[in-house]
Amino acid sequence: MPVTNVLIAGVGGQGTILASELLAMAAMTAGYDVKQGEFHGVAQRGGSVFSHVRFGERVYSPMAPRGSVDYMLALEQLEALRYAHFVKPTGTVLVNDHRVEPIRVADERPYPENAMGFLGQQGFRVVMLDATRTALELGNYRAANAVLLGALAEFLEIPGEVWERTLEERVPTRLLELNRRAFAAGRTALTRAGGSTALPDATSSSP
Amino acid sequence: MRLMSGNEAMALGAWEAGVAFAAGYPGTPSTEVLERLAEYEEVDAHWATNEKVAFEEAMGAALGGARSMVTMKHVGLNVAADPFMVFPYAGTNAGFVVLVADDPGMYSSQNEQDSRYFAKVAKVPILEPADAAEARRFTAAAFELSERFRTPVMLRSTTRLAHTRSRVEPGERREADRQPFSRQVSQFAIPVYARFRRVELEDKLARLREFTEEFQGNVVDEGSDPIGIVTHGIPYQYVKEVCPNATVFKLGMLYPLPRRRLEEFCRRFDTVFVVEESEGFVEQELASFGIRNVIGKARFTNVGELSADLVKAGLTGAPVRPDFSTDIAILPRPPVLCAGCPHRGVFNALKKLGVLVTGDIGCYTLGCLPPYEAIHTTFCMGASIANATGFHRAGEERVVAVIGDSTFLHSGLPGLVSAVYNRVPTTMVLLDNGTTGMTGHQEHPGTGHTLKGDTAPAVNYEALIRAIGVQHVEVVDPWDLESTERAIRAGLEHSGPAAIIARRHCRLLPVEKAEQRTPYTVVLDECIVCEECMESGCPALVWEDDGPRIHDWECVGCSLCAQLCPVDAIVAAEVA
């Protein structure tokens, strides 16, 4: 069985690592060999963070080679661009419709306006989701990670009860219900947008 | 079966091996090893003030007969180098394992440093695992090796091993018998005895050279492709990713190396690739054995972290796929101080005062970035105060040393004592945020709690600093910009050494997060678009076309931007 490669990217504090851990745990429970490698810098907040989750019969490298990622989850648009070279030409990119302006260090260029169009031009299947707003409506914008994870779950062959068990095991009790609902909302959002088989009309910019 | 990081697996392995005592100082990527160990009831684990102290505590416990472990990041070993170099002469009693985590790529460090050289200088054996399951097994093997040869053993980790999760099958704990300490004075290193121990150390190394030939962690994966590769640790995973069918000699024991087996392996191939991360340690050892048919660092860089892509490029010459930054503006995103971070108030004042600022190790190194650019040097733990003294000696009059609470207790204090003793008018700002922030909120001797969660006496900084002879000591709330600036100015004007303690909890501590303060908002009608508020550098504040906005979900109500506003256009949201 070939290895499935997932890349999750975001800004420090958005829950990139937790989402990766949940996916890795679910994949392990579903019977796969798993590696989850996370990449982040100093301090607690604000910097670029990304994580690779790889699962299959046997996984070696903690980081997927460039051009081999099947699914990229991006909690922020600029972060989607930053790691897009890891995505394979036929890969899928799930992007949160959310921007976080970086602080400027000797780079005064404007925030790229056409990020999603650019990704579509590379041939990726791009799906935009309003994960932060959905999470905010459910009670806390920080659950955007669970919304995106729910959307990803629609593409993967990991049974629903495995996801449920994983959330229960890993998410703190006081946040469990919020994350459950966010996860479910992500699944629904994707199904409504056309699921894993068709492209959502309004939000896809894939050619 | 459980999903575990390398760090968690090393803690599990140590627990299973019957470790009784462990000490360390937080340092990414090593921190979670001790945190996880502390969760086991049978293990007495604590944070020490610094790595040297931690090492000496664990060393004492091992001499006293308890299996012990000390944990640190690579630069921590620099601090602990003194005991690390001397202890092998005496040798240990119970098992003693030194976990050192290197950080190739400097994800959270100020330098790259290959700790394998340290072990070679100290004549200490090294084990290096390649994944979490092996991290568990090798940790147990390290304790056995340590007791068998009565030597400290380095368990070498890297960021990628420490922070990668994979499957681990946990086992049971095996309690180790305590070995009574024998008061044999000749075991210890005063010169008259050390000269004998020096010779014995060489004998021990000779026996370790025999052991490594048999060590089960040095393995050859026979493959069908006619390619021979020598590798170790995480690079092994990249090699297998790229060349699953190559014949691979995977080294688990990195020092001493199994010379005879390597000679035999290298004879089988015209050319052998040596794929190792950081320096060409193995390559140099092979050269010293007279093995010439190897290609190593010429193809695999010693700078930064390797990857499957870089290993493939080194083996085949295939180019590494570039990112899209030449096609679209992928702006850099450095980390920032959090909304409400108490450090921000201090940097605002320092920037205004225009003084030279010597920095230290912690989140506050971010003060070197815009909009503050108010940290001008950062080197190593505790350096800020002594560096400031040096700048004074070089003729610089207005110098401020900025240091965090945990770092001050780690190694800042001796610098302050020296400043007092030598009558240098060094001004220190102690950023007392009540935690070890950057590594993820570890307790320390100033917080009032231990690693195990018990209450503990908390250092009284004011009393301590006065007791060593600093006469000007003032405590301020860094959320109060005016008072903070005034206090630092007063410190600079004082003729002798001065200490300003900027005291407010890290915003991410649970006690702070629980506090509900009213977020602030911008009254656009009154805003004069002067951009003064943006000088706060707060991530909750964003600039739109017509002026600033505050993300109410990010704002914690510190009021810093409101204090900066010259026309009171930023107000608490409820009165807006």
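Residues numbered from 1 in each chain as written. Chains lettered and ligands numbered in written order. Predicted model: local features only at pLDDT ≥ 70, side-chain atom pairs only at ≥ 80, totals over all residues. Heavy atoms only, no water.

Novice: Got a minute to help me understand the overall build of chain A in this structure?
Specialist: Broken down by element type, chain A carries 7 helices and 6 strands. Going from N to C terminus, chain A has its helices and strands arranged as β-α-β-β-β-α-β-α-β-α-α-α-α. When the backbone C-alpha atoms are referred to their principal axes, chain A occupies close to 45 × 40 × 40 Å. Expressed as a percentage of its 207 residues, the buried residues of chain A come to 60%. Look at the contacts in chain A between residues 6 or more apart in sequence, and 65% of them connect residues 24 or more apart. Of the roughly 7,900 Å² that chain A leaves accessible, carbon and sulfur atoms contribute 50%. For chain A, the separation between the mean place of its 20 positive charges and that of its 22 negative charges on side chains is 3 Å. (Helix = DSSP H or I, 4+ residues; strand = E, 2+ residues; numbered from the N terminus. Buried < 20%, exposed > 50% of the residue type's maximum accessible area, 1.4 Å probe, protein only. Contact = heavy atoms within 4.5 Å. Areas by Shrake-Rupley, 256 points an atom, 1.4 Å probe, with all protein chains shown as cover. Lys, Arg positive; Asp, Glu negative; His and termini not counted. Charge placed at Lys NZ, Arg CZ, Asp CG, Glu CD.)

Novice: Explain helix α3 (residues 51-63) of chain B to me, please; I cannot follow it from the model alone.
Specialist: Because the α-helix completes a turn every 3.6 residues, residues three or four places apart line up on one side. Residues and elements named next belong to chain B. Helix length check: α3 (13 residues) gives 18 Å between terminal C-alpha atoms against 18 Å at 1.5 Å per residue, within 8%. Along α3, the residues classified as buried are E51, A54, F55, A58, M59, A61, A62 and L63. The backbone nitrogen of K52 has a side-chain oxygen 3.0 Å away, supplied by the residue at the start of α3, namely N50. Trailing α3 by a residue or two, G65 shows a phi angle of about 105°, which is positive. (Expected span 1.5 Å × (residues − 1). Polar contact = N/O pair within 3.5 Å; in protein donor to acceptor, adjacent residues only side chain to side chain.)

Novice: Explain the interface of chain B and chain A to me, please; I cannot follow it from the model alone.
Specialist: It is common to give the size of an interface as the accessible area that goes away when the parts come together. With 49 residues of chain B at the interface, the matching set in chain A holds 56 residues. Each partner contributes to the roughly 4,900 Å² buried at the junction of chain B and chain A, and carbon and sulfur atoms together form 64% of this total. The largest share of the area that chain B buries against chain A comes from R165, L331 and R333 of chain B, three residues that together contribute 18% of it. For the interface between chain B and chain A, the tally reads 6 salt bridges. Put simply, chain B and chain A have 15 residue pairs in polar contact (both at pLDDT 80 or more) between them. Where the side of chain B that touches chain A is concerned, the elements lending two or more residues are β1 (2-5), β8 (164-168), α10 (233-242) and α13 (308-316) of chain B. (Buried area = accessible area lost by both parts, 1.4 Å probe. Salt bridge = Lys/Arg side-chain N within 4 Å of Asp/Glu carboxyl O.)

Novice: Can you walk me through the domain arrangement of chain B in this structure?
Specialist: Domain annotation for chain B reports domain 1 (2-214), domain 2 (219-316), domain 3 (343-513) and domain 4 (520-575). Computed over C-alpha atoms only, the centres of domain 2 of chain B and domain 4 of chain B are separated by 56 Å. (Domains from an automatic or database assignment.)

Novice: Any chance you could explain the environment of G15 of chain A here in plain terms?
Specialist: All names here are of chain A. Structurally, the position occupied by G15 is in the loop between β1 (4-11) and α1 (16-29). The partly exposed category is assigned to G15, whose relative accessible area is 23%. Along the sequence, G15 and L94 sit 79 residues apart, while their C-alpha atoms lie 15 Å from each other. What G15 contacts, discounting residues up to four positions off in sequence, is L75 and N145.

Novice: How do you make sense of the packing of aromatic side chains when you look at a structure like this?
Specialist: To describe a pair of aromatic rings, one takes the distance between the centres and the angle between the planes. Across all of its chains, the model carries 23 aromatic pairs over all chains by this definition. Pairing F118 of chain A with F324 of chain B gives two aromatic rings, centres 5.4 Å apart and planes at 85°, and the pair type is edge-to-face. Of this pair, F118 of chain A sits in helix α3 (residues 115-121) while F324 of chain B sits in the loop between α13 and α14 (343-353), on two different chains. With centroids separated by 5.1 Å and ring planes inclined at 90°, the aromatic side chains of Y117 of chain B and F281 of chain B adopt a geometry described as edge-to-face. With Y117 of chain B in helix α6 (residues 116-122) and F281 of chain B in helix α12 (residues 281-288), this residue pair connects regions lying 164 residues apart in the sequence. Taking relative accessible area as the criterion, F281 of chain B reaches 1% and is therefore assigned buried. One aromatic cluster is present, built from ring pairs that chain together F39, F50, Y83 and F86 of chain A together with Y107 of chain B. A cation sits over an aromatic face here: K250 of chain B above Y236 of chain B, 5.2 Å from the ring centre. Here the basic side chain of R504 of chain B rests over the ring of W479 of chain B, its NZ or CZ set 3.9 Å away from the ring centre. (Phe/Tyr/Trp six-rings, centres within 6.5 Å; stacked < 30°, edge-to-face > 60°. Lys NZ or Arg CZ within 6 Å of the ring centre and 35° of its normal.)

Novice: Honestly, the nonpolar core in this entry has me stumped. Any pointers?
Specialist: All names here are of chain B. Counting residues in each nonpolar core, the largest one holds 101 residues, and the members touching the most others are L37, F55, M69, F84 and L127. Examining the composition of this core, we find that 9 residues originate from one element, helix α7 (residues 132-149), more than from any other. Taken together, domain 1 (2-214) and domain 2 (219-316) each give at least three residues to this core, which thus spans both. Non-local contacts of F55, meaning those with residues more than four positions away in its chain, are made with V70, M72, A80, P83, F84, F87, F96 and V98. Membership of the second largest hydrophobic core comes to 49 residues, among which are C338, I385, L431 and Y461. (Core = buried A, V, L, I, M, F, W, Y, C linked by side-chain atoms within 4.5 Å.)

Novice: When you look at the state of the cysteines in this model, what are you seeing that I'm missing?
Specialist: Disulfides are covalent bonds that link the sulfur atoms of two cysteine residues. Residues and elements named next belong to chain B. Enumeration according to the criterion identifies 0 disulfides over all chains in this entry. No disulfide involves C380; its nearest neighbouring cysteine sulfur is the one of C368, lying 16 Å away. Using a relative accessible area of 41% as the deciding quantity, one classes C380 as partly exposed. Distance from the sulfur of C555, which forms no disulfide, to the nearest cysteine sulfur (C561) is 6.3 Å. Using a relative accessible area of 16% as the deciding quantity, one classes C555 as buried. (Disulfide = S-S within 2.5 Å.)

Novice: When you look at the confidence of the model for chain A in this model, what are you seeing that I'm missing?
Specialist: Detail in the predicted coordinates should be disregarded across regions flagged by low pLDDT. Confidence in the prediction for chain A averages 90 pLDDT; 91% of positions are at 70 or higher. Below a pLDDT of 50 lies the segment residues 195-207 of chain A, which in the model reaches 25 contacts outside its immediate sequence neighbourhood of four places, other chains included. (pLDDT = per-residue confidence, 0-100.)

Novice: I tried to follow the layout of surface pockets on my own but got confused; where do I start?
Specialist: One simple way to see leftover space: roll a probe sized like a water molecule over the atoms. Residue and element names in this part refer to chain B. Considering only enclosed or pocket space, the second largest pocket measures out at about 480 Å³ in volume. Around the second largest pocket sit 34 residues that line it, and I361, G362, M381, T407 and M438 are the ones nearest its centre. At the level of secondary structure, the elements contributing two or more residues to the lining of the second largest pocket comprise α4 (74-79) and α16 (405-421). Counting residues per element, the lining of the second largest pocket draws most heavily on α16, at 5 residues. Taken together, the residues of the lining of the second largest pocket break down into 12 nonpolar, 19 polar and 3 charged. For the lining of the second largest pocket, the two domains that each supply at least three residues are domain 1 (2-214) and domain 3 (343-513). (1 Å grid on protein atoms, 1.4 Å probe; cavity = no way out; pocket = protein on both sides within 12 Å on 5 of 7 lines; lining within 4 Å. Points joined across faces, edges and corners; volume = space filled by probe spheres on them. Nonpolar A, V, L, I, M, F, W, Y, C, P; charged D, E, K, R; others polar.)

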